[in-house]
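Breakdown of the fold
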Amino acid sequence: MTPVQGARARARVEITAAIKDEARTQLAAEGAAKLSLRAVARELGMVSSALYRYFPSRDDLLTALIVDAYDAVGAAAEQADAAAAAKAPDDHLARWTAVCRAVRVWAVAHPHEYALIYGSPVPGYTAPQDTVGPASRVGLVLVSLARAAYQGRGIALPPLAPALRPEAERLAADLTPDLPPALAAALVAAWAQLFGLVSFELFGQFHRVVEDRDAFFTASAERLGREVGLLPGA
C-alpha cells in the first residue's frame, strides 16, 4: 500500500467511526426509528452524497451499529469467561455468573445500543444475515460453558417434561447436537431469562420493585446456571 493509499484508508476508518458515533448520539436522542442519514451528515458538516459513499442507506448504517453492539456485548461475555476460567476453570457456575454479569454491565453502560439489539424492532428494517454471527456470541459462550461442564461431569442434567421432549430434541439437533435435549432446552430458557432480567432493569419494569439490582441480578444469574445444571467448583 502506498503512503497515499494508506492515508486514504485511515481517513475512511476515521470518517466511518465519526458517522457511527453521531448515529449513536441520534439513537440516544431520537431512537432507531428516527435515524436519518441526512441528519447525521448535517451534524458532521458533510453533504449527504458524501455520506452515502460510506453507508448507501439508513439500513446499512443500522446494520453496522447492530453488528458493533452485538460484537461489543459478545466480547464482554468472552472476556469475562476467560478471566473467570483463569481463576477457576472447573467452576462452571462461577464462570456462568461472571458472563451474565458482564452482559448486564455492558447493557447498563450502553442502554441505547442494548435497546437497538434487544428492544422493539425498528419499523421497516429487516436484519441481514451479517448480523447472525455477532448475535450468537453471547449464546455461544453459554453453550461452551455447558459443554465443558457436561464433558467434565460438572453438570447435573435438568429434568425434561415429556411434553417438551420433541421440541427439546429439535433444539438439540439444531443448536447443540453434542448435548442432551434436556440441556439444550434448559440453555435456551436460561438465555431468554438472562436477557429478560436485563431488559426489565433497563426498560423500567423494576422501578419501585427491585432496589438492590446488582445483588438481585447476581443471585438470579446464579440460579439460572443452577437450573441449567451447572455445579459449583470444588
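Residues numbered from 1 in each chain as written. Predicted model: local features only at pLDDT ≥ 70, side-chain atom pairs only at ≥ 80, totals over all residues. Heavy atoms only, no water.

**Things to note about unusual backbone geometry**
At Arg153, a position not held by glycine, the phi torsion is positive, near 60°. Inspection of the secondary structure puts Arg153 in the loop between helix 8 (137–151) and helix 9 (165–175). By relative accessible area, Arg153 is classed as exposed at 77%. Non-glycine residue Arg208 carries a positive phi angle of around 65°. Tracing the chain through its elements places Arg208 in the loop between helix 10 (181–202) and helix 11 (213–228). Judged by its relative accessible area of 80%, Arg208 is exposed. (Helix = DSSP H or I, 4+ residues; strand = E, 2+ residues; numbered from the N terminus. Buried < 20%, exposed > 50% of the residue type's maximum accessible area, 1.4 Å probe, protein only.)

**So, the nonpolar core**
Counting 57 residues, the largest nonpolar core has Leu61, Trp96, Trp106, Leu116, Leu187, Leu194 and Val228 as its most contacted members. For Trp106, the contacting residues outside a window of four places in its chain are Ala69, Ala72, Val73, Ala76, Glu113, Tyr114 and Ile117. Ala168, Ala182, Ala184 and Ala185 belong to the second-largest nonpolar core, a separate cluster that totals seven residues. (Core = buried A, V, L, I, M, F, W, Y, C linked by side-chain atoms within 4.5 Å. Contact = heavy atoms within 4.5 Å.)

**Section: the side chain of Glu113**
Structurally, Glu113 is set in helix 6 (residues 111–118). By relative accessible area, Glu113 is classed as buried at 19%. Setting aside chain neighbours within four positions, we find Glu113 in contact with Arg24, Ala69 and Trp106.

**Topic: the pattern of salt bridges**
Considering all chains together, one arrives at 17 salt bridges under this definition. The residue Glu167 makes a salt bridge to Arg170 at a minimum N-O spacing of 2.6 Å. Of this pair, Glu167 and Arg170 both sit in helix 9, separated by three residues, roughly a single helical turn. According to the relative accessible area criterion, Arg170 is partly exposed, its value standing at 39%. With its nearest N and O atoms 3.2 Å apart, the salt bridge here joins Arg226 to Glu222. You can see Arg226 and its partner Glu222 sitting in helix 11, four residues apart, about one turn around the helix. Here the salt bridges share partners, and the residues they tie into one network are Lys20, Asp21, Arg24, Asp68 and Glu113. (Salt bridge = Lys/Arg side-chain N within 4 Å of Asp/Glu carboxyl O.)

**Re the environment of Val105**
By the element assignment, Val105 lies in helix 5 (residues 92–109). Taking the relative accessible area as the measure of exposure, Val105 reaches 48% and is therefore partly exposed. Put simply, Val105 and Arg170 are 65 residues apart on the chain and 33 Å apart in space, counted from C-alpha to C-alpha.

**Let's talk about the environment of Asp60**
Relative to the assigned elements, Asp60 resides in helix 4 (residues 58–87). For the pair Asp60 and Tyr114, spaced 54 residues apart in sequence, the C-alpha to C-alpha distance is 18 Å. Only 2.8 Å separates the side chain of Asp60 from the side chain of Ser57, close enough to count as a polar contact. (Polar contact = N/O pair within 3.5 Å; in protein donor to acceptor, adjacent residues only side chain to side chain.)

**A word on the side chain of Thr97**
Along the chain, Thr97 falls in helix 5. Among the polar contacts listed, one links the side chain of Thr97 to the backbone oxygen of Leu93, at a separation of 3.0 Å. If we skip the residues at most four places from it in the chain, Thr97 touches Thr218, Ala221 and Glu222.

**A closer look at the packing of helix 10 against helix 11**
In contact at an axis separation of 9 Å, helix 10 and helix 11 are set at 170° when each is read in the N-to-C sense. By the angle class used here, helix 10 and helix 11 are roughly antiparallel. Of helix 11, the residues touching helix 10 (which contributes Leu183, Ala186, Leu187, Ala190, Gln193, Leu194, Leu197, Val198 and Glu201) are Arg213, Phe216, Phe217, Ser220, Arg223, Leu224, Glu227 and Val228. Tallied by class, the residues present in the contact of helix 10 with helix 11 amount to eleven nonpolar, two polar and four charged. (Axes fitted to C-alpha atoms, helices over the stretch in contact; angles between N-to-C directions. Parallel < 35°, antiparallel > 145°, perpendicular 65-115°, else oblique. Nonpolar A, V, L, I, M, F, W, Y, C, P; charged D, E, K, R; others polar.)

**Examining the layout of surface pockets**
The computed volume of the largest pocket comes to approximately 440 Å³. Looking at the largest pocket, it is lined by 17 residues, and the ones nearest its centre are Ser136, Gly139, Leu140, Leu175 and Trp191. Residue classes in the lining of the largest pocket are distributed as 14 nonpolar, three polar and no charged. In this structure, the second largest pocket spans a volume of roughly 250 Å³. The element that contributes the greatest number of residues to the lining of the second largest pocket is helix 6, accounting for four residues. Grouping the constituent residues of the lining of the second largest pocket by class yields nine nonpolar, four polar and no charged. (1 Å grid on protein atoms, 1.4 Å probe; cavity = no way out; pocket = protein on both sides within 12 Å on 5 of 7 lines; lining within 4 Å. Points joined across faces, edges and corners; volume = space filled by probe spheres on them.)

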